[in-house]
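Okay, here's what each chain looks like letter by letter:
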Amino acid sequence: MERERSVGAEPNAYERVLAEDQRVIREALASSRGGAHFGLVLTAVVLGAVGYFEGSRWPLIVGGVFAVWFALALMVVSHRGGSGWKLVERAYIATFGWAQWL
């Protein structure tokens, strides 16, 4: 039989460790707008270089993939509850925030 915790009760040792682990993982995987700006610039430079040397086929394909990813991220963020520029910013970070980890 499970024991119910009261609202004011202190978390047990397992819950404290789990909460700390979740906080550390959230901080490690967090992205920022600065990282997203770097990702956008890096993507544009690489696609520009590939377009210059190889032609426009692959940059258009990869650029289309990024556009679809942004549209999907925008749709997911809007369903989770967001509006205005905050919605666009969250989708932008979801699309290009990967560069923060480089």
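Counting restarts for each chain, with residues numbered from 1 along the sequence as it is written. With pLDDT at 70 or above as the cut-off, local features in this predicted model cover only qualifying residues; side-chain atom pairs require 80 or more to be listed or tallied, and sums for whole chains, interfaces and linings still use all residues. Only hydrogens and water are set aside when side-chain values are computed; all heavy atoms of the structure are taken into account.

## Regarding helix 4 (residues 84-96)
Stage number 1. Its 13 residues place the ends of helix 4 19 Å apart at the C-alpha level, agreeing with the 18 Å of an ideal helix rising 1.5 Å per residue.
Stage number 2. Remark: exposure states derive from per-residue accessible area (1.4 Å probe, protein chains only) relative to the maximum for the residue type, with buried under 20%, exposed over 50%, and partly exposed in between. We count a stretch as a helix when DSSP gives it H or I for four or more residues in a row; a strand needs E for two or more, and each element gets its number in order from the N terminus. Residues of helix 4 that are buried include every one of Leu-87, Glu-89, Ala-91, Tyr-92, Ile-93, Thr-95 and Phe-96, and no others.
Stage number 3. Here the buried face of helix 4 lies against helix 2 (33-54) and helix 3 (57-79). Multiply 1.5 Å by the residue count of a helix minus one, and that product is the helix's expected span. Should any heavy atoms of two residues lie within 4.5 Å, those residues are considered in contact.

## Notes on the packing of helix 2 against helix 4
Stage number 1. Where helix 2 contacts helix 4, the two axes come as close as 8 Å, and the packing angle between them is 55°. Classified by the angle their axes make, helix 2 and helix 4 are oblique. Along this stretch, helix 2 crosses helix 4, giving a crossing that reads as left-handed. Note on element contacts: helix 4 touches helix 2 through Glu-89, Tyr-92, Ile-93 and Phe-96, opposite Arg-33, Gly-35, Ala-36, His-37, Gly-39, Leu-40 and Thr-43.
Stage number 2. Put simply, Ala, Val, Leu, Ile, Met, Phe, Trp, Tyr, Cys and Pro go in the nonpolar bin, Asp, Glu, Lys and Arg in the charged bin, and everything else, Gly too, in the polar bin. Partitioned by chemical class, the residues of the contact of helix 2 with helix 4 number five nonpolar, four polar and two charged. For every element, the axis is a line fit to its C-alpha atoms; helices are fit only across the contacting stretch, and the angle between N-to-C directions ranges from 0 to 180 degrees. Note on angle classes: values under 35 degrees are labelled roughly parallel, values over 145 roughly antiparallel, values of 65 to 115 roughly perpendicular, and the remainder oblique. In this scheme the crossing of two helices becomes right-handed for a clockwise turn of the near helix relative to the far one and left-handed for an anticlockwise turn of less than a right angle.

## Things to note about the packing of aromatic side chains
Stage number 1. Between the rings of Phe, Tyr and Trp (Trp by its six-membered ring), a pair exists once the centres lie within 6.5 Å; its type follows the angle of the planes, with under 30 degrees stacked, over 60 edge-to-face, and the other angles tilted. Considering all chains together, one arrives at three aromatic pairs under this definition.
Stage number 2. Ring geometry for Tyr-52 against Phe-53: centres 5.0 Å apart, planes inclined by 85°, an arrangement best described as edge-to-face. A single burial state applies to Tyr-52 and to Phe-53, both of which are exposed.
Stage number 3. Between Tyr-92 and Phe-96, the aromatic rings sit 5.7 Å apart at their centres with planes inclined by 55°, giving tilted as the arrangement. A residue pair is termed a helical-turn pair when its members lie 3 or 4 positions apart in one helix, as Tyr-92 and Phe-96 do in helix 4 at four residues.
Stage number 4. Tyr-92 gets classed as buried once you look at its relative accessible area, which sits at 14%.
Stage number 5. By relative accessible area, Phe-96 is classed as buried at 10%.

## Looking at the packing of helix 3 against helix 4
Stage number 1. Running from N to C, helix 3 and helix 4 point in directions that differ by 135°, and their axes come no closer than 8 Å. The angle between the axes of helix 3 and helix 4 places the two elements in the oblique class. Helix 4 is crossed by helix 3, and the crossing has right-handed handedness. In this structure, helix 3 uses Phe-66, Trp-69, Phe-70, Ala-73, Leu-74, Val-77 and Ser-78 to contact helix 4, whose residues at the interface are Leu-87, Val-88, Arg-90, Ala-91, Tyr-92, Ala-94, Thr-95 and Phe-96.
Stage number 2. Of the residues belonging to the contact of helix 3 with helix 4, the class tally is 12 nonpolar, two polar and one charged.

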